[in-house]
Amino acid sequence: MQTHKFPQSLAAEAVRGADIENRFKIPRNEFGPECIYRIFDPADNTTWGFVAVDNLVRGRGLGGLRLAPDVSVDEVYGLAAAMTMKSAAAMLPLGGAKSGLRVDPRYFANKPEEKKALITLFADALWAIPEYIPGPDMGTNETDMQTIYEVFAQKNGAPNHGRGGVGRPPAQGGFPLDEWAITAHGLFAAAVAAENHLPDFRIKDSSVVIQGFGNVGAPIAEKLASLGARIVGASDINAGLYNPDGLDVDHLLAIRRTPEGLGAYCGPLRERFDGEHVDRMLEMPCTILVPAARPHAIHPENATHIHTRLVLQGANNPADLVSEYFLQHRRGIVSLTDFIVNSGGVIAAFIEAKADVDAAFRDQVMAEDGKGRAYIEKVVTRIITENIDEMFSRQANHRAKDVTWREIAHEIARDRLRPGADGSLKILPELL
Ligand code: NAD
């Protein structure tokens, strides 16, 4: 485990223009990066992390803060560029940004005060970067976002600054994305929208395999089951469970947070995979496959063994480009692109940031159920449904007959980074 001698203060050094390539070997493309900030300790110049601001054409950049001991400038920039695409495709008035701090989050398991101290220093440095709205990512949570929010409020001289962190605790005005299963709600909207475009595909009576029974995987299982789908396969880091007659979803939900996780399942099974074999779950036949665990789950070695009709990409980058091409054009599998279908979280995070500074908007968000969940679900459904319709329409009319779903998704995002014929950017009117 990493040990830490923490800094007394942190500051941000902005690197722009040609210096980005000279310093970090990151070439500029049409869309970014706009600026990369090195977060350092002024006492000894040690680098503690980075903030990558990729593109600001549509607005400030919203993206998570990742804690990892080896987080690199390339990783943070890559994630920022992905946020540019995700927010543009979702028609949000947001650009793309992301941040990373070089620290092992496991170190803080029993040291919440030390974590709070470091996050406070980081937020101090972030105050000089008003174009970045921080949210949670790997290693950070709602408590950390509240810490950032409070540092900003202090600097601002008043709360309700709209600068982030977003994803704060509900009692403090945040929206509990995981408890409300907003990302799964978006995946579900994508599956429902796909029914209108695929005559041979129906959620009712379909069979579903879920890789990663966590905050995304578990609620999408529940939602698909509620429309009459059979959950035939589910896996977590402990076990992969398969039964073509269907698994007991209530039992899966009850055990998923126990120490053994899905390893504690005791219903009937046709196949069970343990330990290093859990990835075999991806090869079980089904109608809907939901990778919702790690990147690169689908790769050239297992792509020939995937038997499904629709892949809902819950996880980010669940497949490499060659495998996506192969699934689509050799196997006739529709694989709906991660940043189109898993954008529920960023949509909700934007609504939280806007509601923080716009009282009339907050009233509108709260109007239906007093919590904001109904409003967020409606907006997420609308955006993702519109984007799935757009994906299928472009696919049907594309001049390149072997275009991939991911290429189409990028085309949609890139088009939304450029002003239309009337000079304006496509932004969802109620979110302006
Ligand atoms: P989570 O930590 O709640 O759940 C992840 C699950 O995957 C856990 O059950 C874990 O045991 C399991 N897992 C890990 N490795 C596995 C493997 N090899 N095989 C099977 N299961 C494995 O995480 P989450 O919030 O559900 O996120 C899942 C994925 O979706 C991540 O890639 C995340 O980046 C992406 N994502 C999440 C959100 C969100 O709102 N939570 C939004 C967009 C994208």
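All values derive from a computational prediction rather than experimental measurement.

1. Some thoughts on helix 13 (residues 405-415)
For step 1, the next point in the chain: Taken as a whole, helix 13 has its buried residues at Trp405, Arg406, Ile408, Ala409, Ile412 and Ala413. Take helix 13 and look down its axis: the buried residues cluster within an arc of 160°, on one side only.
For step 2, the next point in the chain: The inward-facing, buried residues of helix 13 abut helix 2 (73-89), helix 8 (321-331), strand 13 (334-336), helix 9 (338-341) and helix 12 (373-397).

2. What to know about the site of the ligand
For step 1, the next point in the chain: In the vicinity of the ligand lie 20 residues, with Thr183, Asn215, Val216, Ile237 and Ala293 positioned nearest.
For step 2, the next point in the chain: Thr183 is positioned with one of its side-chain polar atoms (N or O) 2.6 Å from an oxygen atom of the ligand.
For step 3, the next point in the chain: Contact between the ligand and Asn215: an oxygen atom at 2.9 Å from a main-chain N or O atom of the residue.
For step 4, the next point in the chain: Bound to the protein, the ligand loses 72% of the 820 Å² it would expose on its own.

3. Description of the environment of Leu126
For step 1, the next point in the chain: The topology assignment puts Leu126 in helix 3 (residues 112-126).
For step 2, the next point in the chain: For Leu126, the residues in contact, after removing those within four places along its chain, are Val51, Tyr132, Pro134, Phe152 and Arg163.

4. Some remarks on the sheet that holds strand 5 (residues 95-101)
For step 1, the next point in the chain: Here six strands make up an open sheet; going across it, the order is 1-2-3-5-4-6 and the pairing mixed. At either end of the open sheet lies a strand with only one pairing partner, and these are strand 1 (11-16) and strand 6 (132-136). Across this sheet, the average inter-strand angle for adjacent strands is 25°, counted without regard to direction.
For step 2, the next point in the chain: Two strands pair when backbone bridges link them, and strand 4 (residues 61-67) and strand 6 are joined in this way by five bridges, in the parallel orientation. Note that in strand 6 the partner of Gly63 across the bridge is Pro134.
For step 3, the next point in the chain: On the sheet, helix 4 (residues 142-156) packs against strand 4 and strand 6 and is oriented at approximately 150° with respect to strand 6.

5. Quick look at the pairing of strand 5
For step 1, the next point in the chain: Burial analysis of strand 5 places seven of its seven residues in the buried class, which makes it a mostly covered element.
For step 2, the next point in the chain: Neither face of strand 5 is exposed, since Gly95, Ala97, Ser99 and Leu101 on one face and Gly96, Lys98 and Gly100 on the opposite face are all buried.
For step 3, the next point in the chain: As judged from the six bridges shared by strand 3 (residues 47-55) and strand 5, these two strands associate in the antiparallel manner. By the bridge assignment, Val51 is partnered in strand 5 with Ser99.
For step 4, the next point in the chain: Bridging between strand 4 and strand 5 involves five bridges; their strand directions are parallel. When the bridges of strand 5 are listed, Leu67 appears paired with Leu101.
For step 5, the next point in the chain: In the classification by handedness, the crossover that spans strand 4, the intervening helix 2 and the parallel strand 5 is right-handed.

6. Describing the environment of Pro429
For step 1, the next point in the chain: The topology assignment puts Pro429 in the segment after helix 13.
For step 2, the next point in the chain: Using a relative accessible area of 56% as the deciding quantity, one classes Pro429 as exposed.

7. Section: the packing of helix 12 against helix 13
For step 1, the next point in the chain: Packing of helix 12 against helix 13 leaves a shortest axis separation of 10 Å and a crossing angle of 115°. In terms of orientation, helix 12 lies roughly perpendicular with respect to helix 13. For the pair helix 12 and helix 13, the crossing hand works out as right-handed. Across the interface between the two elements, Asn387, Glu390, Met391, Phe392, Arg394 and Gln395 from helix 12 touch Trp405, Ile408, Ala409, Glu411, Ile412 and Asp415 from helix 13.
For step 2, the next point in the chain: When the residues that make up the contact of helix 12 with helix 13 are grouped by side-chain class, the tally is six nonpolar, two polar and four charged.

8. Structural notes on the domain arrangement of the chain
Buried accessible area, meaning the area lost when the parts come together, often serves as the stated size of an interface.
For step 1, the next point in the chain: Each domain of the chain was delimited in the assignment, giving domain 1 (11-171) and domain 2 (175-426).
For step 2, the next point in the chain: Distance between the C-alpha centres of domain 1 and domain 2: 26 Å.
For step 3, the next point in the chain: At the interface, 27 residues of domain 1 touch 26 residues of domain 2.
For step 4, the next point in the chain: Summing both sides of the interface, domain 1 and domain 2 together bury roughly 2400 Å²; the carbon and sulfur share of this comes to 69%.

9. Section: empty space enclosed by the protein
For step 1, the next point in the chain: Under the counting rule described, the total for this entry stands at one cavity of 30 Å³ or more.
For step 2, the next point in the chain: Of the volumes computed, that of the largest cavity is approximately 40 Å³.
For step 3, the next point in the chain: Lining the largest cavity are Tyr149, Gly162, Arg163, Gly164, Gly165, Val166, Arg168, Glu352, Ala353 and Asp356.
For step 4, the next point in the chain: Among the elements that line the lining of the largest cavity, the one with the most residues is helix 10 (residues 344-357), at three residues.
For step 5, the next point in the chain: Per-domain counts for the lining of the largest cavity show at least three residues from each of domain 1 (11-171) and domain 2 (175-426).

10. Regarding unusual backbone geometry
For step 1, the next point in the chain: Residue Pro33 is reached from Gly32 by a cis peptide bond, and omega for that bond is 0°.
For step 2, the next point in the chain: Within the element layout of this structure, Pro33 appears in the loop between helix 1 (18-24) and strand 2 (35-40).
For step 3, the next point in the chain: Residue Gly165 is reached from Gly164 by a cis peptide bond, and omega for that bond is -10°.
For step 4, the next point in the chain: By the secondary structure assignment, Gly165 is in the loop between helix 4 and helix 5 (182-195).
For step 5, the next point in the chain: Phi at Asn45 takes a positive value of approximately 65°, unusual for a residue other than glycine.
For step 6, the next point in the chain: Among the secondary structure elements, Asn45 is positioned in the loop between strand 2 and strand 3.

The rules we used
- Residues numbered from 1 in each chain as written.
- Predicted model: local features only at pLDDT ≥ 70, side-chain atom pairs only at ≥ 80, totals over all residues.
- Heavy atoms only, no water.
- Buried < 20%, exposed > 50% of the residue type's maximum accessible area, 1.4 Å probe, protein only.
- Helix = DSSP H or I, 4+ residues; strand = E, 2+ residues; numbered from the N terminus.
- Arc of directions from axis to C-beta.
- Contact = heavy atoms within 4.5 Å.
- Near = heavy atom within 4 Å.
- Polar contact = N/O pair within 3.5 Å; in protein donor to acceptor, adjacent residues only side chain to side chain.
- Areas by Shrake-Rupley, 256 points an atom, 1.4 Å probe, with all protein chains shown as cover.
- Pairing = 2+ DSSP bridges.
- Axes fitted to C-alpha atoms, helices over the stretch in contact; angles between N-to-C directions.
- Right-handed = clockwise from strand over helix to strand, strands pointing away.
- Parallel < 35°, antiparallel > 145°, perpendicular 65-115°, else oblique.
- Left-handed = near helix turned anticlockwise from the far one by under 90°.
- Nonpolar A, V, L, I, M, F, W, Y, C, P; charged D, E, K, R; others polar.
- Domains from an automatic or database assignment.
- Buried area = accessible area lost by both parts, 1.4 Å probe.
- 1 Å grid on protein atoms, 1.4 Å probe; cavity = no way out; pocket = protein on both sides within 12 Å on 5 of 7 lines; lining within 4 Å.
- Points joined across faces, edges and corners; volume = space filled by probe spheres on them.

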